Amino acid sequence: MGRKRHYEDKKWMNKPKAFGKYGPVRPKALFFDVDDTLVDREAAFGRYFERFMARFPEVFPEHRRAEDLVTLRTFDERGGRDREAFCSDVTKTFETGLDAKALWADFQLNLADFVVGDPKLAVWLRELSKRQPVVVVSNGFSGTQRRKLLHADLYHSVPEGFYSSEVGVEKPDPAIFKAALAHVNREPSEVLHIGDDPVRDIVGATRMGFATCWVSHGREWPAALAPPTFTVERITSRHEALVEVLSQWT
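This one's a predicted model, so the numbers in the text were calculated from it and none came from an experiment.

Chemist: Please give an account of the sheet that holds strand β6 (residues 191–195) that cites residues and values.
Modeler: Here we have 6 strands laid out as an open sheet, ordered β5-β4-β3-β6-β7-β8, and parallel in their pairing. Single-partner strands in this sheet number two, and they are β5 (161–163) and β8 (230–232). Strand-to-strand, the axes of this sheet are offset by a mean angle of 20 degrees, without reference to chain direction. Strand direction decides the pairing type here: strand β3 (residues 29–32) and β6, joined by 4 bridges, are parallel. Among the inter-strand pairings, phenylalanine 31 is bridged to a residue of β6, identified as histidine 193. Docked against the sheet, helix α9 (residues 198–207) engages β6 and β7 (211–215), running at close to 165 degrees with respect to β7.

Chemist: Describe in detail the environment of valine 115, supporting the description with residues and values.
Modeler: As for its placement among the helices and strands, valine 115 is situated in the loop between α4 (100–110) and α5 (119–131). Judged by its relative accessible area of 8%, valine 115 is buried. As for valine 115 and histidine 151, which are separated by 36 residues in sequence, their C-alpha atoms are 6.0 Å apart. Beyond its immediate stretch of four places on either side in the chain, valine 115 contacts Val39, Ala44, Arg47, Lys148, His151 and Ala152.

Chemist: Can you explain the packing of helix α1 (residues 41–55) against α4? Please cite residues and give values.
Modeler: When two helices pack together, their arrangement is captured by the angle between the axes and the distance separating the axes. Between α1 and α4, whose axes approach to 11 Å, the crossing angle comes to 130 degrees. Here α1 is positioned oblique relative to α4, judged by the angle of their axes. The element α1 and its partner α4 pack so that their crossing is right-handed. Of the residues in α4, those in contact with Arg41, Phe45, Tyr48, Phe49, Arg51, Phe52 and Arg55 of α1 are Leu103, Asp106, Phe107 and Asn110. Grouping the constituent residues of the contact of α1 with α4 by class yields 6 nonpolar, 1 polar and 4 charged.

Thresholds, definitions, all that
- Note that residues are indexed from 1 along each chain, following the sequence as it is written.
- Predicted model: local features are reported for residues with pLDDT of at least 70 only, side-chain atom pairs are reported and counted for 80 or more only, and whole-chain, interface and lining totals are derived from all residues.
- Side-chain measures here rest on the full set of heavy atoms in the structure, leaving out hydrogens and waters.
- Paired strands are those between which DSSP finds at least two bridges.
- Secondary structure elements follow DSSP: runs of H or I no shorter than four residues count as helices, runs of E no shorter than two count as strands, and numbering proceeds from the N terminus.
- Helix axes are fitted only over the stretch in contact, all axes being lines through C-alpha atoms; the angle between N-to-C directions runs from 0 to 180 degrees.
- Residue contacts follow a heavy-atom distance rule, with two residues in contact if any of their heavy atoms lie within 4.5 Å.
- Using a 1.4 Å probe on the protein chains alone, a residue whose accessible area is under 20% of its type maximum counts as buried, one over 50% counts as exposed, and one in between counts as partly exposed.
- The scheme is simple: roughly parallel for angles under 35 degrees, roughly antiparallel for over 145, roughly perpendicular for 65 to 115, oblique for anything else.
- We call a crossing left-handed when the near helix sits turned anticlockwise from the far one by less than a right angle, and right-handed when that turn is clockwise.
- For this classification, the nonpolar set comprises Ala, Val, Leu, Ile, Met, Phe, Trp, Tyr, Cys and Pro, the charged set comprises Asp, Glu, Lys and Arg, and every other residue, Gly included, is treated as polar.

Worth remembering: the numbers are spatial, not functional.
And the structure:
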C-alpha cells in the first residue's frame with residue numbers, strides 16, 4: 001500500500017490552463033517562514049521594547065530611548081541571536097532588576113501581543129491556501145509562533161506548521177524541511193520556500209532542491225552565498241511582490 005497523501009491534486013490542476021509550456025504550473029506547495037516573512041517581527045519587537053522601556057524610566061530616560069532601541073536590535077540580530085545570549089546582554093547592559101531568565105519569560109509570553117496584521121495579506125493567503133498546500137516551516141517555540149500568526153489573522157489560513165521546538169531540529173537542518181515535504185507529498189522541485197534568513201531559510205531550502213524566495217528587507221544578499229531563485233523586499237504590506245513571483249514561475 002502506498003503512502004497516504006495529505007494533499008491531493010485539485011481538479012483545476014488537470015485543466016489545460018493549469019499547465020505551462022514545460023509542464024504543470026509550479027509551485028504546488030509553498031513553505032513560509034514566520035518572523036519577518038509572514039509576520040513583521042521587527043515592528044513587534046520595537047513595540048514590545050517601547051513598552052518595556054516605559055516600565056523602567058530610570059533605566060531608559062526618554063531622551064535616550066531611540067538610541068537604546070538600536071542597541072537592543074543589535075543584540076537581537078533580527079531574532080537570529082541565541083536567546084540566552086540576547087537576554088544576558090540586555091540585562092547586563094540595562095540594569096532593570098530582571099535577570100536573563102525573567103526577561104526571556106516576559107519576552108516570549110508577550111511579544112506576540114505586539115504583532116499587527118496586514119488585512120490584505122490575510123485575505124490573499126486565505127484564498128491561496130484553498131488552491132494548494134501552504135505550510136509554515138519555522139524555528140522557535142511553536143506556541144509563540146502560532147500566537148504571532150493568530151494576532152496577524154493568518155493562523156487559520158496556515159494551520160499546518162513544522163516548528164523547531166516540535167520537530168527537534170532548527171533550520172537549516174534538512175530534517176525540518178523533510179518533515180514538511182513528506183506532509184504535503186510533493187517533489188522538492190514543486191516547492192517554493194519563502195523566508196528572510198539567508199542561511200536558515202535560503203541555503204537550507206536550496207540544499208533540499210526547493211526554489212527559494214528571499215525576503216530582503218532592503219538588505220544586500222551575502223556575496224559568499226549562492227543567490228535565491230527570487231527576491232522580494234517584504235511581504236507584510238507588500239504581498240503583491242510575492243504574487244508577481246508566483247505569476248512568473250511556470
